[in-house]
Amino acid sequence: MSKLVAIAFLLGGCSVAVYVVEGCCTPTQWESIIGFQNATVKDGKLDVTSAGMMTSYDFDNKKVAYYADTFRRVQDYNKMMQYIIAGGHCYPSKLYMPMRNCMPDNVTVITSFEMGGPKGVMIDVYDLEKVAPEAGIKGTLSINPEGCIPFSETLMTEGSYASLAFLNITTGIKDPSVFDVPSPPCPKDTDNMNSLPDELAKHWSVLPSLL
């Protein structure tokens, strides 16, 4: 639910209202395909890469999984641990950002639009620095306010720009085994491992930490 605030600003020649969001929470269990495109500039040359993967978010059991044919990333927020499995190897690391699926109470919608026209899908756009200031990420998060369904993200760093789209979203978890951490190659017990590197809990996409 959104409450209109009497503030407006100029965007592309149009006056756009700013909203304060009250209680926008994504579904507690959902899955989607993430389409990803990243553009970087190095030595004056533009390099663009594209990729896609499946992702599963389980906020009830505090776990997130990203997976493709040769890659898998499992984030276990009960242990605050992340496991990346690729090439027959496992790379565990610590997470330090909390997992949450609701927007902060004071976050504002910087703009809204209808994707596809008057009978299209309504989209609210948020500033990621406001949504998750502890992450230190510049960009935007776009959500369909009807059900608080993620739509897309943009992530910006010096010399790079990434765009993510959440496709074919379904609620629930079809196969809970996507959150299983294989051992081997991953260690059975990481509770007492003190030499693991810290890893930003990222999305992104940003959504696991809502991010």
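Computed from a prediction, not measured in an experiment: that's the story for all the values here.

1. Remarks on the state of the cysteines
Inference 1: Inspection of every chain in the model, using the stated rule, returns 3 disulfides.
Inference 2: Across the disulfide from Cys24 sits Cys148; the S-S distance is 1.9 Å. Negative torsions about the S-S bond denote left-handed disulfides, and the value of about 95 degrees found for Cys24 with Cys148 makes this one right-handed. On the criterion of sequence distance, the pair formed by Cys24 in the loop between β2 (14–21) and β3 (29–42) and Cys148 in the loop between β11 (138–144) and β12 (149–157) is long-range, its members being 124 residues apart.

2. So, the nonpolar core
Inference 1: The biggest cluster of nonpolar side chains holds 27 residues, and the ones touching the most others in it are Tyr57, Met103, Tyr126 and Ile143.
Inference 2: Broken down by element, this core gets its largest block of residues, 3 residues, from strand β13 (residues 160–171).

3. A word on the pattern of salt bridges
Inference 1: Tallied over the full model, the rule gives 1 salt bridge.
Inference 2: Linking Glu129 and Lys138 is a salt bridge whose minimum nitrogen-to-oxygen distance equals 3.3 Å.

4. Thoughts on the pairing of strand β4 (residues 45–58)
Inference 1: Where β3 lies against β4, 14 bridges are found, and the strand directions are antiparallel. Counted as the bridge partner of Ile33 is Met54 from β4.
Inference 2: Where β3 folds back onto β4 in an antiparallel hairpin, the turn is made up of 2 residues, including Asp43, whose phi is positive at roughly 55 degrees.
Inference 3: As judged from the 5 bridges shared by β4 and strand β5 (residues 63–67), these two strands associate in the antiparallel manner. Each residue of the ladder has a partner; that of Met54, found in β5, is Tyr67.

The rules behind the values
- Residues numbered from 1 in each chain as written.
- Predicted model: local features only at pLDDT ≥ 70, side-chain atom pairs only at ≥ 80, totals over all residues.
- Heavy atoms only, no water.
- Disulfide = S-S within 2.5 Å.
- Helix = DSSP H or I, 4+ residues; strand = E, 2+ residues; numbered from the N terminus.
- Core = buried A, V, L, I, M, F, W, Y, C linked by side-chain atoms within 4.5 Å.
- Buried < 20%, exposed > 50% of the residue type's maximum accessible area, 1.4 Å probe, protein only.
- Salt bridge = Lys/Arg side-chain N within 4 Å of Asp/Glu carboxyl O.
- Pairing = 2+ DSSP bridges.

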